[in-house]
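# Descriptive structure summary
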Amino acid sequence: MILQALHQYFQRKQSSEENALPRGYQKKSLSFVIVLDEQGQFCGFRDCRELLGKKKAGRVFLVPREVKRSSGIKANLLWDNLEYVLGYDMKQSGKSADKHAEFIATIRRFFERPGIDMGIDAVLAFLERGDFAMLFADALWPEIVKDNGFISFHLAQDRGLTLVSDRDRVRARIEEKAQVDPGEGEKVRCLVTGNMDYPVNLHTAIKGVYGAQSSGGNIVSFNCAAFESYEKTQGGNAPVGKEAEYGYTTALNNLLGRDSTQRVQVGDASTVFWAAQSHVMEGYFAQFFNDSGGDESEQDNELIKALYTAPHTGKEPVMEEDMTPFYILGLSPNAARIAIRFWYEGTVGETVRHIKQHFADCRVAHGPREPGYLSIFRLLVSTASLGKSENINPNLAGAMARAIFLGLPYPRSLLSAVLSRVKAEQANDKWPNVSYARVSLIKAVLVREKRFYGKNIKEVDMSLDKTNDNPGYLLGRLFAVLEKIQEDANPGLNATIRDRFYGAASATPAAVFPRLLKLKNHHLAKMEQASWVTAHEKRVGEIMEKLEKFPNHLGLDDQGRFAVGYYHQRNDFYKSKEARERENEQENN
Amino acid sequence: MNNGTTRSGPFRLRVWGDNACFTRPEMKAERVSYDVMTPSAARGVMEAILWKPGMQWRITRLDVLNPIRWASVRRNEVSAKASTHTVNFFIEEKRQQRAGLILRDVAYIIHSCIELTSEAGMTDSIVKFQEMFLRRAENGQCFTMPYLGCREFTASFELVKMKDPLPLALAETRDLGWMLHDMDFSCSPPRPRFFRAVMEEGVIQVPELESQEVRR
């Protein structure tokens, strides 16, 4: 289904877009171009790099489709690396002369006689002259060597930056050749389209999967003896026709392209998504999962708010009933192959409903400066050590993405990953161990499990819930109150009981809390304002009267509730005066 | 000996397991399973219970009972295999870890029939094989442990007798694309055959081998 869905997407794009990919071409980013005149004389280099963020990256051009080469000598048509195009020996391999000859021979094979196009003649004249001293002396040459990318040709008189391979006559010829390519061997049944077609031995590489080799990887590959069956080799093991192979690889490479808006990164899985027909969801989807870039981005939150309010205001068409098929594919790299992490095939309506559910589950009361909705990236990175995205457990990311799309409960490993981070980290105000993202995740895991398995216990809520009498939650609240007492008694303290006792209090309360309660008395005695003392005492009493005893151990779920209770209580302390007044008014009314 | 019928009545076998992986041929390196059981895997399960040279199994229908759920796992697999050409190799050097997208909690009902082959002897008859199968399935006997796609995913089976009600299939209708029907062992080397699998209310009708729908 996967290859088939990609092939259908390719066909949809070909038939609809004006700038659909012409047959026989692909997109490639080139940093430099050789400029020639009509006689094939070298005019100079042209630097085509663009500023992408902080780095300079080459511009994306349309070039003839690349040939697959691993160790042999095979040249691309009219573009290639420095060794093939100029015979410049980068690594002293000694094969540069052969490669260069092959490059020229490839052009000749395609354009058998001179005079088809002026550009081709110029290129051939330049290459056969063989005198590249002027190139090596050029000012840009050292940079080109350092960049070590691909290079192509441009005629000085052509407008803009049209490559020789993009000239009208050349393009016509290449497209023509791509159509009638007879193919080798006999036709077999293609398992993607069901039609008879020439089988493809080696599939085009899929580039753009984060973490894969730069030369790309293959989904369909049989590069070890263990994968070959019934004496078939390579692509014969899974007959895919030329049409289908071209279709799905082009579609996938486009979706994974650098400037594609239809991809997100979920942990180590590069995820692409598309709908069966052109749909706005294709544009929205990325915004739900990508990091808004540090600070709160107004548009992203607006979008998510719109999701919630649209049914009420009726502004946008209700997407939840939309039955357009929607596909999500997660790919992760493994050396020269690409593994499929997950595959989701559903409708737009289902996806929207599940996303909404996910955001509703994650909602937790938070400080005023924090964003209302957290992206998946931010949630996952809170489970990684040192907050680095490469430390995210790969299985966790894939499982979480699948849980969100399918509306399943989150993986249990998520809860233990978050709690182990909370216990392991040394807290400070800039980087709290019980952070907003982590508490969101814990709350989401607990709430979803309750809904999925139909448990009828009271689960944690968005903000402080004074009626919740779960021991884990109450102990978390108590811990927060005790910490506040300590902070109020000793202003400017560097390390509070949170740093020393959090882990033990969370896991084995009976061992820790009696001591903390004794300490609290000393803190209260030291406190200067009497009104604060009574207020704190009241709070402690309120919590303690619901607690029967201090349990010896808290299970994983209860430790989660401990963290949530702690967070809710602390947030409650720092609520602004206006918010508190507003709440009191609401309660009174 | 019953010359009139060359095909037995349909048997219904309920098969279930914790995991299954009916590997797609195009994604054999990093395994991705088909959404449902393939007819060739169903044939494998039936053959594990009963097989004689004089008979062959024909799968006619597959019912999907459980919702289709996936799991992504990483498993230790090997990259080389022994054959008549290899002299020796040390398997510990050929281990690799590969990802796989497998199915979880599967349950199917396989509807199948027995047919006699050209190697059926004088004493072989449809009724004989029929009775043998019914007895073995009832007792839970099998030559080898039946499995769901990969040998490590063992299958449990239970006969659904004709008079018992058929368990309800999944209420889903989906087009599953081109699916592997089986391998055609009459050619050498064997060639795969494909058919367009459509699941209607959880039921997949498997076309006849020689019919138009099975493309070779």
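Scroll up for the structure.
This structure is a prediction, so every number in the text was calculated from the model and none was measured. (Residues numbered from 1 in each chain as written. Chains lettered and ligands numbered in written order. Predicted model: local features only at pLDDT ≥ 70, side-chain atom pairs only at ≥ 80, totals over all residues. Heavy atoms only, no water.)

### Quick notes on the overall build of chain A
What chain A contains, in helices and strands, is 21 helices and 14 strands. Counting over 589 residues, chain A shows a buried share of 51%. Put simply, 69% of the contacts in chain A that link residues at least 6 apart link residues at least 24 apart. Split by element, the accessible area of chain A, about 27,800 Å² in all, is 49% carbon and sulfur. (Helix = DSSP H or I, 4+ residues; strand = E, 2+ residues; numbered from the N terminus. Buried < 20%, exposed > 50% of the residue type's maximum accessible area, 1.4 Å probe, protein only. Contact = heavy atoms within 4.5 Å. Areas by Shrake-Rupley, 256 points an atom, 1.4 Å probe, with all protein chains shown as cover.)

### Observations regarding the overall build of chain B
Regarding its fold elements, chain B presents 2 helices and 8 strands. In sequence order, chain B lays out its α and β elements as β-α-β-β-β-α-β-β-β-β. Since a compact globule built from 216 residues should have a radius of gyration of about 17 Å, the 18 Å found for chain B is in line with a globular shape. Expressed along its principal axes, the backbone C-alpha trace of chain B runs to roughly 55 × 45 × 40 Å. Expressed as a percentage of the 216 residues in chain B, the buried residues total 50%. Within chain B, counting contacts between residues at least 6 apart in sequence, those at least 24 apart form 71% of the total. Of the roughly 10,500 Å² of accessible surface on chain B, 51% is carried by carbon and sulfur atoms. Mean positive and mean negative side-chain charge positions of chain B (30 and 27 charges, respectively) differ by 3 Å. (Rg over C-alpha atoms; globule rule 2.2 N^0.38 Å. Lys, Arg positive; Asp, Glu negative; His and termini not counted. Charge placed at Lys NZ, Arg CZ, Asp CG, Glu CD.)

### Some thoughts on the interface of chain B and chain A
Reports of interface size often rely on the accessible area that becomes lost once the parts have come together. Contacts between chain B and chain A engage 36 residues on the former and 39 residues on the latter. Both sides of the chain B and chain A interface together cover about 3,300 Å² of buried area, and 55% of this is carbon and sulfur. Here chain B is connected to chain A by 1 salt bridge. The partner of Arg 337 of chain A in a salt bridge is Glu 30 of chain B, and the shortest N-O contact between them spans 2.9 Å. (Buried area = accessible area lost by both parts, 1.4 Å probe. Salt bridge = Lys/Arg side-chain N within 4 Å of Asp/Glu carboxyl O.)

### A few points about the environment of Val 447 of chain A
Residues and elements named next belong to chain A. Residue placement: Val 447 occurs in helix α15 (residues 436–453). A relative accessible area of 17% means that Val 447 is categorised as buried. Contacts of Val 447, omitting those with residues within four sequence positions, involve Asp 361, Glu 459 and Val 460.

### Details of the pairing of strand β2 (residues 55–64) of chain B
Residues and elements named next belong to chain B. Among the 10 residues in β2, 7 count as buried, and that is most of the element. Bridging between β2 and strand β4 (residues 95–116) involves 9 bridges; their strand directions are antiparallel. Counted as the bridge partner of Ile 59 is Ser 112 from β4. Of the strand pairs in this sheet, β2 and strand β8 (residues 203–205) are connected by 3 bridges, and their pairing is antiparallel. Along β8, the bridge assignment pairs Arg 61 with Gln 205. (Pairing = 2+ DSSP bridges.)

### Structural notes on unusual backbone geometry
Residues and elements named next belong to chain B. Unusually for a residue other than glycine, Asp 105 sits at a positive phi of about 50 degrees. With a relative accessible area of 30%, Asp 105 lands in the partly exposed category. Even without being glycine, Glu 201 reaches a positive phi, approximately 50 degrees. Relative to the assigned elements, Glu 201 resides in the loop between β7 (191–200) and β8.

### Digging into the packing of helix α17 (residues 497–507) of chain A against helix α20 (residues 556–573) of chain A
Residues and elements named next belong to chain A. Running from N to C, α17 and α20 cross one another at 135 degrees; their axes reach a closest spacing of 9 Å. Considering the angle they form, α17 stands oblique to α20. Crossing hand, α17 versus α20: right-handed. Residues Arg 498, Tyr 502, Ala 505, Ser 506 and Ala 507 of α17 touch α20, and the partners they reach there are Gln 559, Phe 562, Ala 563, Tyr 566 and Arg 570. (Axes fitted to C-alpha atoms, helices over the stretch in contact; angles between N-to-C directions. Parallel < 35°, antiparallel > 145°, perpendicular 65-115°, else oblique. Left-handed = near helix turned anticlockwise from the far one by under 90°.)

### Some details on the state of the cysteines
The tally for this structure, following the rule as stated, stands at 0 disulfides over all chains. Free cysteine: Cys 150 of chain B, not disulfide-bonded; nearest cysteine sulfur from Cys 21 of chain B at 4.4 Å. (Disulfide = S-S within 2.5 Å.)

### Regarding the nonpolar core
Ranked by internal contacts, the top residues of the largest apolar core, which has 88 residues, are Trp 274 and Leu 329 of chain A together with Leu 13, Met 37 and Phe 133 of chain B. Ranked by residue count, the leading element in this core is β4 of chain B, at 7 residues. Ranked by size, the runner-up nonpolar core spans 82 residues in total, among them Ala 286, Leu 380, Ala 397 and Leu 547 of chain A. (Core = buried A, V, L, I, M, F, W, Y, C linked by side-chain atoms within 4.5 Å.)

### Concerning the side chain of Arg 477 of chain A
Note on placement: Arg 477 of chain A falls in helix α16 (residues 471–489). Classification of Arg 477 of chain A by relative accessible area gives buried; the value is 2%.

### Re the sheet that holds strand β7 (residues 79–81) of chain A
All names here are of chain A. Here we have 4 strands laid out as an open sheet, ordered β3-β2-β8-β7, and mixed in their pairing. The open sheet has two edge strands, β3 (42–47) and β7, and neither has a second partner. Neighbour to neighbour, the strand axes of the sheet diverge by 30 degrees on average, direction disregarded. Note: strand β2 (residues 32–36) against strand β8 (residues 150–155), 5 bridges, orientation parallel. Bridge assignment links Phe 32 to a residue of β8, and that residue is Ile 151. In this fold helix α4 (residues 118–129) packs onto β2, β3 and β8, with an angle of close to 120 degrees to the strand it touches most, β8.

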